[in-house]
Amino acid sequence: MNKKEIQELQALLVQPQKIVLIPHKNADGDAIGSALALFHFFREQQHQVQVISPNNYPGFLKWMPGSKEVLFFDYQESLCIRLIQEANLIFLLDFNELSRVGEDMKRALKTYQGTFVMIDHHQQPSDVARYLYSDTKACATAELVYKFIDKMGALDSINADIATCLYTGILTDSGSFRFPATTPETHRIVANLMEKGAEHSSIYGKIFDNNTYDRMQLLGNALKNMQFLPDYKTAYMYIKEADKEKFNFQKGDTEGFVNYALALQGVVFAIIFIEDNEQSIIKISFRSKGSFSVNQFARKHFNGGGHDNAAGGRSSLTLQKTIKQFLTILPTYKQDLYASEEN
Ligand code: 5GP
Ligand code: MN
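The structure presented is a predicted model; accordingly, all values stated were derived computationally and were not measured.

Q: Sorry, what's going on with the coordination of the manganese ion (ligand 2) here?
A: When a metal holds four donors in a tetrahedron, each ideal angle between them is 109.5 degrees; when it holds six in an octahedron, the ideal angles are 90 or 180 degrees. The coordination sphere of the manganese ion (ligand 2), as far as protein atoms go, consists of D30 (OD), D94 (OD), H121 (NE2) and D173 (OD), spread over 2.1 to 2.4 Å. Each donor residue of the manganese ion (ligand 2) belongs to the same chain, with the gaps between them written as D-x63-D-x26-H-x51-D. Of the two residues, H121 is situated in the loop between β5 (115–120) and β6 (131–134) and D173 in helix α6 (residues 160–173); the sequence distance between them amounts to 52 residues. Relative accessible area serves as the criterion here: at 18%, D173 is assigned to the buried category.

Q: Sorry, what's going on with the domain arrangement of the chain here?
A: Once the domains are mapped, the chain shows domain 1 (3–208) and domain 2 (214–342). Of note, the centres of domain 1 and domain 2, computed from C-alpha atoms alone, are 27 Å apart. Counting residues at the interface gives 16 residues for domain 1, matched by 10 residues for domain 2. Of the roughly 980 Å² buried between domain 1 and domain 2 on both sides combined, carbon and sulfur atoms contribute 45%. Where domain 1 packs against domain 2, one counts 0 salt bridges. Residues belonging to the side of domain 1 that touches domain 2 are distributed by class as follows: 4 nonpolar, 9 polar and 3 charged.

Q: Is there a simple way to think about the pattern of salt bridges in this case?
A: Opposite charge on two side chains allows them to pair when their charged atoms are near. Under the criterion given, the structure shown has 8 salt bridges. Taking the shortest distance from any N to any O, the salt bridge between K4 and E8 comes out at 3.0 Å. With a gap of 4 residues between them, K4 and E8 both fall in helix α1 (residues 3–12), about one helical turn apart. For K4, a relative accessible area of 55% puts it in the exposed group. Among the ionic pairs, E69 bridges to R43, the shortest N-O distance being 3.1 Å. Here R43 lies in helix α2 (residues 29–44) and E69 lies in the loop between β2 (48–53) and β3 (71–72), a separation of 26 residues in the sequence. Judged by its relative accessible area of 38%, R43 is partly exposed. Several salt bridges share partner residues, and in doing so they unite K4, E5, E8 and R130 into one network.

Q: What is the right way to read the state of the cysteines from this model?
A: Two cysteines, two sulfur atoms, one covalent bond between them: this is a disulfide. Enumeration according to the criterion identifies 0 disulfides in this entry. For C139, which is in no disulfide, the shortest distance to another cysteine sulfur is to C165 and amounts to 16 Å. Judged by relative accessible area, which is 5%, C139 ranks as buried.

Q: It is not clear to me how the sheet that holds strand β10 (residues 281–288) should be interpreted in this structure. Could you clarify?
A: Whether parallel or antiparallel, the strands of a sheet pair through hydrogen bonds between backbone atoms. Spatial strand order, β7-β8-β9-β10-β12-β11: 6 strands in an open sheet with mixed pairing. The open sheet has two edge strands with one neighbour each: β7 (227–229) and β11 (305–306). Where strand β9 (residues 269–276) lies against β10, 8 bridges are found, and the strand directions are antiparallel. Within β10, the residue paired with A270 across the bridge is R287.

Q: Would you explain the site of ligand 1 in this entry?
A: Among the 13 residues in the neighbourhood of ligand 1, the closest are listed as R100, H122, S285, R287 and R314. Separating an oxygen atom of ligand 1 from a side-chain N or O atom of H122 is a distance of 2.7 Å. K283 places a polar side-chain atom, nitrogen or oxygen, 3.1 Å from an oxygen atom of ligand 1. Here ligand 1, which alone exposes 490 Å², has 85% of that area covered by the protein. Secondary structure elements with two or more residues in the shell around ligand 1: β10, β11 and β12 (310–315).

Q: Explain the environment of K68 here, please?
A: Within the element layout of this structure, K68 appears in the loop between β2 and β3. The sequence separation of K68 and D253 amounts to 185 residues, and the corresponding C-alpha distance is 21 Å.

Q: Explain the packing of aromatic side chains here, please?
A: Aromatic ring pairs are reported here in terms of the distance separating the ring centres and the angle at which the planes meet. Under the definition given, this model contains 22 aromatic pairs. Ring centres of F72 and Y75 lie 6.0 Å apart, and the angle between their planes is 80°; on these two criteria the pair is classed as edge-to-face. One aromatic cluster in this structure is built from Y236, F269, F273, F286, F292, F297, F302, F326 and Y333. Across from the ring centre of Y57, 5.3 Å away, lies the NZ or CZ of K62, which sits over that ring.

So, how was this worked out
- Residues numbered from 1 in each chain as written.
- Chains lettered and ligands numbered in written order.
- Predicted model: local features only at pLDDT ≥ 70, side-chain atom pairs only at ≥ 80, totals over all residues.
- Heavy atoms only, no water.
- Donors = N, O, S within 2.8 Å, 3.2 Å for Na, K, Ca; no water.
- Helix = DSSP H or I, 4+ residues; strand = E, 2+ residues; numbered from the N terminus.
- Buried < 20%, exposed > 50% of the residue type's maximum accessible area, 1.4 Å probe, protein only.
- Domains from an automatic or database assignment.
- Contact = heavy atoms within 4.5 Å.
- Buried area = accessible area lost by both parts, 1.4 Å probe.
- Salt bridge = Lys/Arg side-chain N within 4 Å of Asp/Glu carboxyl O.
- Nonpolar A, V, L, I, M, F, W, Y, C, P; charged D, E, K, R; others polar.
- Disulfide = S-S within 2.5 Å.
- Pairing = 2+ DSSP bridges.
- Near = heavy atom within 4 Å.
- Polar contact = N/O pair within 3.5 Å; in protein donor to acceptor, adjacent residues only side chain to side chain.
- Areas by Shrake-Rupley, 256 points an atom, 1.4 Å probe, with all protein chains shown as cover.
- Phe/Tyr/Trp six-rings, centres within 6.5 Å; stacked < 30°, edge-to-face > 60°.
- Lys NZ or Arg CZ within 6 Å of the ring centre and 35° of its normal.

Pasting the structure below:
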C-alpha cells in the first residue's frame, strides 16, 4: 500500500462507512484476531462494522472480545449476503485468494461491486483488492493490522480490546514467538500491545492451557501412530474419522498437532493427514524447517498453499491412498530435504 493509497483510505474513513471484515474459512487466532481488532478499531471511529466469518471457529478463541458479535456466513447466509452487498468497504484478512472463504461465500464476494482491502502475509496475493497490504515476511496478519493502524495515524486509539485481539493473532501465528518470521519489530509491537492492555499470561492460558481431556487423548493417539522416515528427515501422523468420534472431536482440536512431528530430532518436514468425512476430503497440514518450501509442495501436489514453512492442502482420495501417494512423491525431494537445515 503506497502513500497515495493510504491517503485515499484515510479520506474515505473520514465519513462513517459500512465496513465488513472477513477472516478465512476455519479461522485461526490470527485471522479472527485481525478481524476483531479492526472491528473494535472501526467501531470506535463510529463506522458501522460487522465481522462475517465464513464458518464457525474453534471454541478456544471464543473468549476474544467481540467474539459474540461475529456472524457466520454458513448459518445466516441471506443476512450476510445483504450486509456484503451494502458494505462500502470489505476487508479480507489473513488470506490471499477468494477461494479461501469457501465456494458459497466466494460466490457472494465475486458479485460485490464495492471496495476490497486485503491485509495478508501469505505468498502470491491475488489481485482482487483495490487496496492491498501484503508482506510475506510478517509473522502474522495481526502484525500488519497493527502497522495499518499506524499508517492511518491512529496508534493512540488502540485500546485493551484491540491490543488483546492483535496480541492473540501474533502469539498464535508466530508459534508463541518461536518461528523464524518473529523479528525484533514483532517484539516491539508486542511490547506496545502489552502497554495498551494485552495481558500476555492470561491470553496464553486461555488458548494453550485450556485442553479438554478428549483432545489430549486424540493427541496421544496421533503421537502413537507417528511415522519417522529418517532418510527423508520426515515425520507424519494421521487422524481417522473413527478417532475423532472416539475422542469427541471438536473444531480446532487438531490445531498444532503437526508441530509435534516437527519437534522430532532430525526432522525438517512434518505432515498430518486428517480424515474429514463432512467435506469428503483428507485435510493435510505441512510444516518444515529451513529451506524446504511446503508452500510449493502443497501447491504442486495437494491443491493447497500457504507459507514456505507452514502450508495446507487436501486430497480427495482415501486416507490410505493419500498417504501412499505422498510416500510415492517424497523420494523426488530427497536432496531438497537433505539440504534443509534443522536448526
Ligand atoms: P494449516 O495447516 O494450519 O491449515 O495451514 C497452514 C497455513 O497454510 C496457514 O497459513 C493457512 O492459511 C495456509 N493454508 C492452509 N490450507 C491452504 C490452502 O488450501 N490453500 C492456501 N493457499 N493456503 C492454505
Ligand atoms: Mn496468519
